[in-house]
Amino acid sequence: NSGNNTMRCSLSLSDPGFMAWTMFFSCSIPHPCVVFRKREISNIGGYRECINHCEDYDLWLRVTQWECRSMMCLPRVGVWHRKHSQSESSMNSFMQKKESDLVCFEAVKNLIGREGKELRLDIVSILRSPSSTSVKSPKDVDSAAKLLLRMERMFVHKYSRNLSRQETELIKIDCDARIG
């Protein structure tokens, strides 16, 4: 860290099913490390023009929903990048958070299907950023915990044939840790 610049290592998760699970909470795939077949990305609609500040996160969420093991990362450092106050992410962090909450909301809705009728954006936002500023009441925390458990159940059920035993266990551990 020197001045306003911070060098940060991007190390991706190497279990594809677990990586797909963690995508509901943050973008765990560094864009500069990605290689894909254009035809496959076009099959799911490619980058959406209506998304301006988290295009990669939106695309990766849709790819991993299409098939939870469709993306894989090498278990090593793939890129070092600078974080600084003039970066696109820093300058648009509010809009990036807002858009990423929305694309995650859509992904959660797709995951839980008909059970998602009462799904609320603010509850999904709490799951993604459980800071004190996003929590309005103890009831919201309870709703977020219930949603998380429902997501875990639906994710493991939906991808039961594709997830390894290790990935299923990692998801359970992660879910338990998020609840506390």
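Data block above holds the structure.
Quick notes on the rules
Residues numbered from 1 in each chain as written. Predicted model: local features only at pLDDT ≥ 70, side-chain atom pairs only at ≥ 80, totals over all residues. Heavy atoms only, no water. Salt bridge = Lys/Arg side-chain N within 4 Å of Asp/Glu carboxyl O. Helix = DSSP H or I, 4+ residues; strand = E, 2+ residues; numbered from the N terminus. Buried < 20%, exposed > 50% of the residue type's maximum accessible area, 1.4 Å probe, protein only. Axes fitted to C-alpha atoms, helices over the stretch in contact; angles between N-to-C directions. Parallel < 35°, antiparallel > 145°, perpendicular 65-115°, else oblique. Contact = heavy atoms within 4.5 Å. Nonpolar A, V, L, I, M, F, W, Y, C, P; charged D, E, K, R; others polar. 1 Å grid on protein atoms, 1.4 Å probe; cavity = no way out; pocket = protein on both sides within 12 Å on 5 of 7 lines; lining within 4 Å. Points joined across faces, edges and corners; volume = space filled by probe spheres on them. Polar contact = N/O pair within 3.5 Å; in protein donor to acceptor, adjacent residues only side chain to side chain. Expected span 1.5 Å × (residues − 1).

What to know about the pattern of salt bridges
If the charged atoms of two oppositely charged side chains come close together, the side chains can form a pair. Under the definition given, this model contains 12 salt bridges. A salt bridge links Asp 58 to Arg 62; its shortest N-O distance comes to 3.3 Å. In this pair, Asp 58 and Arg 62 are both assigned in helix H3 (residues 55–66), 4 residues apart and thus about one turn of the helix distant. Take Asp 58: its relative accessible area is 3%, and that puts it in the buried class.

Comments concerning the packing of helix H6 (residues 121–128) against helix H7 (residues 138–158)
At a minimum axis distance of 9 Å, the contact between H6 and H7 shows a crossing angle of 80°. By the angle class used here, H6 and H7 are roughly perpendicular. Taking contact as the criterion, the partners of Asp 122, Ile 123, Val 124, Ile 126 and Leu 127 in H6 are, on H7, Asp 140, Ser 143, Ala 144, Leu 147, Leu 148 and Met 151. Considered class by class, the residues forming the contact of H6 with H7 number 8 nonpolar, 1 polar and 2 charged.

Overview of empty space enclosed by the protein
Enumeration over the complete set of coordinates arrives at 1 cavity of 30 Å³ or more. By volume, the largest cavity is sized at about 30 Å³. Lining the largest cavity we find Ala 20, Phe 24, Leu 61, Thr 64, Gln 65, Phe 155 and Tyr 159. Looking at the lining of the largest cavity element by element, the count peaks at 3 residues for H3.

Re the side chain of Asp 174
Looking at the secondary structure, you find Asp 174 in helix H8 (residues 165–179). Judged by relative accessible area, which is 14%, Asp 174 ranks as buried. Among the polar contacts listed, one links the side chain of Asp 174 to the side chain of Trp 21, at a separation of 2.7 Å. With near-sequence residues (within four places) excluded, Asp 174 lies in contact with Phe 18, Trp 21 and Phe 25.

Things to note about helix H5 (residues 93–112)
Between the first and last C-alpha of H5 there are 28 Å, a value that for 20 residues agrees with the 28 Å anticipated at 1.5 Å per step. Along H5, the residues classified as buried are Glu 99, Ser 100, Asp 101, Val 103, Cys 104, Phe 105, Ala 107, Val 108, Leu 111 and Ile 112. Where H5 is buried, its residues touch H3, H6 and H7. In the stretch just after H5, Gly 113 is the one whose phi turns positive, near 55°.

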